[in-house]
Structure formats: structure tokens, C-alpha cells
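Chain and residue survey
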Amino acid sequence: MKNVQGNEGKKDTLPWLKQKASSKLTKKTLYKRIPVLGWAPKYDKAAAVGDILAGVTVGLMVIPQALAYSGIAGLPPQYGLYGSFIGAIVYIFFGSCKDVPMGPTAISALLTFQSIKGMGPEHAVLLCFFTGLVQFVMGIFGLGFLIDFISGPVSSGFTSAVALIILTSQVKDILGVHAPGSVFTEIWKNIFQDIHNTNAWDTCLGIACIIVLLVMRVVGQMKIGPSKGELSSFQKCFNKSLWLLATARNAIIVIVCGFIGYALYDGTSPLTLIGAVPAGLPSLQPPPFGGYNRIENNTEVHVPFVEMMANLSTGIIVTPLIGLLETIAICKAFSDGKPVDATQELIAIGLANIANSFVHAFPGAGALARAAVNNSSGVKTPLGGLYTGILVILALLFFTPFFYYIPKAALAAIIIAAVIFMVEVRVVKPMWRSKKSDLFLGVCTFVACLVLPLEVGILVGIGLNVLFILYHAARPKISIERLTTSRNTEYLMITPDRCLIFPSTDYVRNLVTKHSIRQGIPVVIDCSHIYGADYTAATVVETITKDFALRNQPLFFYNLKPSVSAVFEGLSPQDFVVYYDHDQLDDLLEKQNAKKTDTNNIV
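Every residue gets a number counted from 1 within its own chain, in the order that chain's sequence is written. The model is predicted, so local features are restricted to residues of pLDDT at least 70 and side-chain atom pairs to those at 80 or more, both for listing and for counting; the totals for chains, interfaces and linings are taken over all residues. By convention in this description, side-chain values take in all heavy atoms of the structure and omit both hydrogens and water.

The protein chain carries the name SLC26A/SulP transporter domain-containing protein in an unreviewed UniProt entry, which gives Dendroctonus ponderosae as its organism. Here is the UniProt Subcellular location (unreviewed entry) comment for the protein chain, exactly as written: "Membrane". UniProt positions are given in the numbering used here, feature names are shortened, and annotations may be inferred rather than shown by experiment.

Okay, here's the thing in C-alpha cells:
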């Protein structure tokens, strides 16, 4: 009998599964989840020219940045390059935004550094895999909405703190001192302790590079010719040359400083060089799921997978969320008013990070600075990432011997000149004028990220943000007015400004009770702004109606939404009166007075 029932259950389940699968696996869904199917058939020569130009331009930018970001992550320089080609190519097929240049970013590098805690590339590679896996799973289950809990003030505070931490982490390379640490205060403490070992060559070169980079940035924004009207061919060419010079400034600095490092090298160098970078492409292999072996005190020790996961701790959760936040910021900035599909971006960057983990990379995301260059270079489709990836592959195959002579101070200067503009000072004044509590939230996040590990700081900011939301939900604004009907009957109008849910019900009940007893006149609760309610609110409404009935004080609900009324009526409260027309109020009051008079006569 059980087998028969089991077979019947299978027979019932299979059609249901087929129906669900057929409803999901439609052509529309396929095109949505693999966007390349939508734009590839319409690809033309004009799009190809735009993508090639943009891809090469971004490639010139990403190579020096990748070398520099490896230093932020606490990894050898080649690991940044390893994360700059496969992920960019994977994004071509699944990415929904043409402007996103998938690769290492300053924020992802810093999060990697704070997650792996100096434990080596194996932890970074494993973090990359699980960052991608978490992002992909979030995308499959449509959890992109989670970034909505990171508000603008929290994001600004976090980004500004990250910029200062990154800048601080590069000061040691500008000075040529040894200053380990991952927290802002800790790094500065170690810098001052070792500042007597400052290398004058590194300092002079680093400061000179920062000045040149900032000047080139300003030069790139200069234009000749009328602001309105037609430009001549010379003016267009000159403006484009200035823009290209500014865009390629990082590559120019690296090349020039590399020649300086080479000229000064005679077995040793007065400058601190990045040293040997392995030539060729990385081997294709899975992340260290079985753990890895490391040398401790001249003894080989095996580090199991479980211990590696414990070492990565909260980095596995924070890094994917921040990566999504970076990428969505780019999509919104260049969406031209089109909706942004956070779910698809999660799938795209998740698969890109998973692919990157098989070529020894650390986590990456979309970089806003490179996206701006990508957009201004005229990128037409995500295929621009292919040409960026090809350029990085060529660099790994042919230019790694040259990388040996690049001074660390030059890479530090590139990072400092870039991240200094990430400090969002410009939002302070508008935030102060619009809502001071938001500024408080941003400052708290900023301070928390500076004095605590970064992942803890952002969680503090999100936690405070949620507390603010809960407080506002628990304390709705309620207006109270004493009004008069057309027949000169006074009544009290109480108007909540939002939904009635469990955190706010007791507050609303106490306030209604206090003012109704004090005034002693009929009460009307205006429900025009109440778009939702829960069971707790229904029990409170039932209690309030009973209290008013015991006091023989009229209570009416005005303009209650049918869906909310259904919640309240679920408990079948007595004396629950709803009306939708102001003219009805006089009639309701007269009926209530008549009922009250009859009751008194009976007594």
C-alpha cells in the first residue's frame, strides 16, 4: 500500500516539476540570464571599433592598477594580473552592463588583505572562489535586494574610510618603511615607529609621481575651443590627445619609473623595486579545497580546508556584498535611466570570481574609475572586456621581465592619486542640510571602519542603519487635530503616517488612549496612509474598540484600505466602524448618540 501511495506521489510531483521548469526555462528568461544572446546578433563594425578602443584603453589602465592592488591585498604583484583577464571574459556572456570592467579593485584588495590576514595566496584564492559562489547563489535566489540595507550614508562612510585606509597602507611604500597592519590606527602607529628608516629615494620618487599624476588628471579635463558650438578638427584632435594622455597616465608613470629603476640598478638599487614577477599565464587548477602545505620553523605543516574557512571568517560574507555594491554603483551611474538587474549582476560577477579562482586570483568586482574610462572611450557592449583581457595576457607573456624594475613607490603613488578622490567630502554639506541623522549614520560608519576591522565596521554601519529603520517603524509620526463636523459636532482626528506593524502598535495605542481620554470627544483615526498591518496591530485595534465602547466614546476608522480592513476584521472586533465619506461622519455620530441615549434610558 505504501509503495502505491509513493508511486502516486511521484506521479503527482513529476507534472508539477515539469510545469515549473517549463514556466522558468523560457526564451525570455534565457535571454535575460545570458544577455550576450540579445546583443551578439546585432553586433556590427561600429560596435567593434568602440569596444576595441575602450578595451585597449582600459587595459592600459588595469595593468598598472592590478600590480598596485596586489600590494594592497598583501600578495605578490602577479596575482592582480591573474584576476584581470578570465573574469573580464566571463562577464562578456553574463554581464548586463556594457560599462562594467570586471577585475581587481582597491576595495576588494583591501577586503582581501583584511580577510586573509597575511596567510598567503592560498587563502586569497579560496576567498575568491567563495566570494563568487556566494554571489552566484544570491543571484539564483534573487537576493540582490540585500544591498538595499546599505544606505547612501553608510556607503559614503564606508567608501571614505576605505580610501583613507588604502592611502595609509601606501604611505609605507612612499617612505620605504616597514609598517604592517590592517587597521587605520595600527598602520599609522607602525609607520611612526619605523619612520627613522625612511628611504629618501622612494619618498622623492613617490611624491614626484603623485604630483605628476594629479597634474595629468587636471590636464585631461582641460579643453580648447568654444564650450558651445562646433569644434575644428585640430581642437577635437588636441582635446582627444589630452584625454588620452590623462587616461594612460598610470601606464606612462609605470613605464617611465620602470626605466628609472632599470637605469639605477646595478645588482642593487637605491629604490625599493617590486622584484621578480613569474612570466607566463597561471596554471589552471581548482582552489585549495583539500587544504595546503606551508613551512613553519623549517617544518612542513598541512593547513586543512576547515581551518582555512575559519581563518577567512566574515570575509566570505562581506566581500561578496561589497563587490555587488561596487558593481551596482557602476550600473546605476551609466544606466541612462534603465532599470538595473541586481540579480543578473550577482550571477555575472559570481561566475567571474569563480572562474578567477581557478587561475590563482583574489576577489574582484567592477571598478568605478575604469568604468568611467570605459564609458568615455565609447564602449558599445561587454565585449570590450575581451580586448582588456587580451592585453593583460600579452603583458603576462612578454612584459613580466620589465616589471622587475618598477619601483614600489610608483605603484603606491598611482593608488594614492586614485583613492584620494574616493573620500566623499562633497556629501557632508548636503547631508547636513537634508537630514542630520543621516550624517550621524555616515560618520559612525566612517569611524567604525577606521578603528575596527573593515568587515566589522561595515556591519556596524548596517546594524545602525537597521536600528534607525526599526526606530522609525516603531515611532510613526502622528498628527492630532480637533475638528468640527458640518453640524458643529467636535471630534478628534488622529492620523498615523505609515503602516501599523508590531513595533509601533503599543506606541499608537497609548497615544490614542491618552488623547481620547483627555479630550473626551468622538475620535476618528484617519487610515489614509496605512497601507499594511499585521496580527499584532489587529489585536490592538480590537482592544482599542473595546476600551472606547466601555467608555461610551465614539471611535471611527476613516478611509481604511480593504486589505488592511480584512486584517482587522480577522479577529471580528465589535463596534468596529469604518467610513469613506466625510458626509457620513455626522450620521455616524448621530447614530452613536442615539445608541448612547437609549442605553442611558434603559439604565
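Quick look at the pattern of salt bridges now. We count a salt bridge whenever a side-chain nitrogen from Lys or Arg sits within 4 Å of a carboxyl oxygen from Asp or Glu. Taken as a whole and judged by the stated rule, the model has six salt bridges. Put simply, R482 and E490 hold a salt bridge, and the shortest N to O gap is 2.9 Å. Its relative accessible area of 43% is what places R482 among the partly exposed residues. Using a 1.4 Å probe on the protein chains alone, a residue whose accessible area is under 20% of its type maximum counts as buried, one over 50% counts as exposed, and one in between counts as partly exposed. When its relative accessible area of 37% is taken as the criterion, E490 is described as partly exposed. Where R498 meets D497, a salt bridge forms, and the shortest distance between an N and an O atom there is 3.0 Å. The exposure class of R498 is partly exposed, given its relative accessible area of 24%.

When two helices pack together, you describe them by how their axes are tilted relative to each other and by the distance separating the axes. As a rule, the C-alpha atoms of each element are fitted with a line to give its axis, helices using only the stretch in contact, and angles between N-to-C directions run from 0 to 180 degrees. In this description a helix means any DSSP run of H or I spanning at least four residues, a strand means any run of E spanning at least two, and both kinds are numbered starting from the N terminus. It is the contact of helix 9 (residues 152-175) with helix 19 (residues 408-419), at a shortest axis distance of 9 Å, that shows an interaxial angle of 160 degrees. Of the possible angle classes, the one that applies to helix 9 and helix 19 is roughly antiparallel. For the pair helix 9 and helix 19, the sense of crossing is left-handed. Of the residues in helix 19, those in contact with A163, I166, L167, Q170, D173 and I174 of helix 9 are K408, A409, A412, A413, I415, I416 and V419. Residues are grouped as follows: nonpolar covers Ala, Val, Leu, Ile, Met, Phe, Trp, Tyr, Cys and Pro; charged covers Asp, Glu, Lys and Arg; every other residue, Gly included, is treated as polar. The residue inventory of the contact of helix 9 with helix 19, partitioned by class, reads 10 nonpolar, one polar and two charged. Angles below 35 degrees are treated as roughly parallel, those above 145 as roughly antiparallel, those between 65 and 115 as roughly perpendicular, and all remaining angles as oblique. Here a crossing is called left-handed whenever its near helix is offset anticlockwise from the far helix by less than a right angle, and right-handed whenever the offset is clockwise. In what follows, a contact means two residues having at least one pair of non-hydrogen atoms within 4.5 Å.

So, on to the pairing of strand 3 (residues 299-303). By definition, two strands form a pair when at least two bridges between them are found by DSSP. By the bridge criterion, five bridges tie strand 2 (residues 292-296) to strand 3 in an arrangement that is antiparallel. Each bridged residue has a counterpart across the sheet, and for I295 the counterpart in strand 3 is E300. Turn length for the strand 2-strand 3 hairpin, with the two strands adjacent in sequence and antiparallel, is two residues, and the turn residue N297 shows positive phi of about 55 degrees.

Before going further, it helps to examine helix 10 (residues 184-194). Along helix 10, the residues that are buried comprise F184, I187, N190, I191 and D194. Here the buried residues of helix 10 occupy an arc of 135 degrees about the axis, which is enough to place them on one side. Opposite the buried face of helix 10, by more than 90 degrees, sit the exposed residues K189 and F192. Think of the arc as the fan of directions from the helix axis to the C-beta atoms.

All right, on to unusual backbone geometry then. Its identity as a non-glycine residue notwithstanding, K117 has a phi of 50 degrees, on the positive side. In this fold, K117 is placed in the loop between helix 7 (106-116) and helix 8 (121-140). Unusually for a residue other than glycine, H360 sits at a positive phi of about 65 degrees. Checked against the element boundaries, H360 lands in the loop between helix 16 (342-357) and strand 4 (365-366).

This part covers the environment of D148. With respect to the element layout, D148 can be found in the loop between helix 8 and helix 9. You can call D148 exposed: its relative accessible area is 61%. Spatially, the C-alpha atoms of D148 and T299 are 48 Å apart, while their sequence positions differ by 151 residues.

Mapped onto the present numbering, the UniProt feature "transmembrane region" (unreviewed entry) falls at residues 52-73, 79-97, 124-147, 200-220, 241-265, 385-404, 410-428 and 440-471. In the segment residues 124-147, helix accounts for 71% and strand for 0%; the C-alpha atoms at its two ends are 24 Å apart. Regarding residues 385-404, the helix share stands at 95% and the strand share at 0%, and the terminal C-alpha atoms are separated by 27 Å.

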